[in-house]
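The chain contents come next:
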Amino acid sequence: MGRARCVVESPNVFFPSDGVGVLRAQRICAECAVAEECLEYALANHIPHGVWGGASERQRRRLQQRRQQDRRQPAAEDRPAAVA
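Reading the values: rules and limits
Residues numbered from 1 in each chain as written. Predicted model: local features only at pLDDT ≥ 70, side-chain atom pairs only at ≥ 80, totals over all residues. Heavy atoms only, no water. Helix = DSSP H or I, 4+ residues; strand = E, 2+ residues; numbered from the N terminus. Buried < 20%, exposed > 50% of the residue type's maximum accessible area, 1.4 Å probe, protein only. Contact = heavy atoms within 4.5 Å. Areas by Shrake-Rupley, 256 points an atom, 1.4 Å probe, with all protein chains shown as cover. Patch = residues over 30% accessible without salt bridge, like charges linked within 9 Å, V, L, I, M, F, W, Y side chains within 5 Å. Salt bridge = Lys/Arg side-chain N within 4 Å of Asp/Glu carboxyl O. Axes fitted to C-alpha atoms, helices over the stretch in contact; angles between N-to-C directions. Parallel < 35°, antiparallel > 145°, perpendicular 65-115°, else oblique. Nonpolar A, V, L, I, M, F, W, Y, C, P; charged D, E, K, R; others polar. Core = buried A, V, L, I, M, F, W, Y, C linked by side-chain atoms within 4.5 Å.

Draft legend 1. Summary view of the overall build of the chain. For the chain, the count of helices and strands is three helices and zero strands. Within the chain, buried positions represent 27% of all 84 residues. Across the chain, the fraction of contacts at a sequence separation of at least 24, relative to all contacts at a separation of at least 6, is 38%. On the chain, roughly 6500 Å² of surface is accessible, and the fraction owed to carbon and sulfur atoms is 52%.

Draft legend 2. Quick peek at the environment of Arg58. One can find Arg58 in helix H3 (residues 57-72). On the accessibility criterion, Arg58 (51% relative accessible area) is exposed. Taking the C-alpha atoms as reference points, Arg58 and Pro48, ten residues apart in sequence, are found 9.1 Å from one another.

Draft legend 3. Quick peek at a nonpolar patch on the surface. Taken together, the side chains of Met1, Val7 and Val8 present a nonpolar region at the surface, about 380 Å² in accessible area. Relative to the helices and strands, Val8 resides in the segment before helix H1 (19-30). Taking the relative accessible area as the measure of exposure, Val8 reaches 70% and is therefore exposed.

Draft legend 4. Summary view of the environment of Gly54. Note that Gly54 resides in the loop between helix H2 (35-44) and H3. By relative accessible area, Gly54 is classed as partly exposed at 22%. Those residues in contact with Gly54, other than ones at most four positions away along the chain, are Gln26, Cys29 and Gln59.

Draft legend 5. View of the packing of H2 against H3. Contact pair H2 / H3: the axes reach a minimum separation of 11 Å and the direction vectors enclose 70°. Put simply, H2 runs roughly perpendicular to H3. In this structure, H2 uses Leu39, Glu40, Ala42 and Leu43 to contact H3, whose residues at the interface are Arg60, Leu63, Gln64 and Arg67. Here the contact of H2 with H3 is composed, by residue class, of four nonpolar, one polar and three charged.

Draft legend 6. Fine view of the nonpolar core. By size, the foremost hydrophobic cluster in this structure holds seven residues: Val13, Phe14, Val22, Ala25, Ile28, Cys29 and Val51. Discounting residues that sit within four places of it in the chain, Val51 has contacts with Phe14, Pro16, Val22, Ala25, Gln26, Cys29, Ser56 and Arg60.

Pasting the structure below:
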């Protein structure tokens, strides 16, 4: 967290009430050296509110859903071959 760009910002910036606030927070995250780690932390801990690692609440929900779907679907090379 010591390397995070948000350390010098008000926490309120990352818990906006409108889309404009989300964009402001995302611009800050875009320049952050630890944004990826921040996003992974929020996903791993199921944090429902705020902008984390540049991802809004909605974006994190979608990412979480995609990851769950990917875990459920076996890779093509793991599936049995079709018999003709």
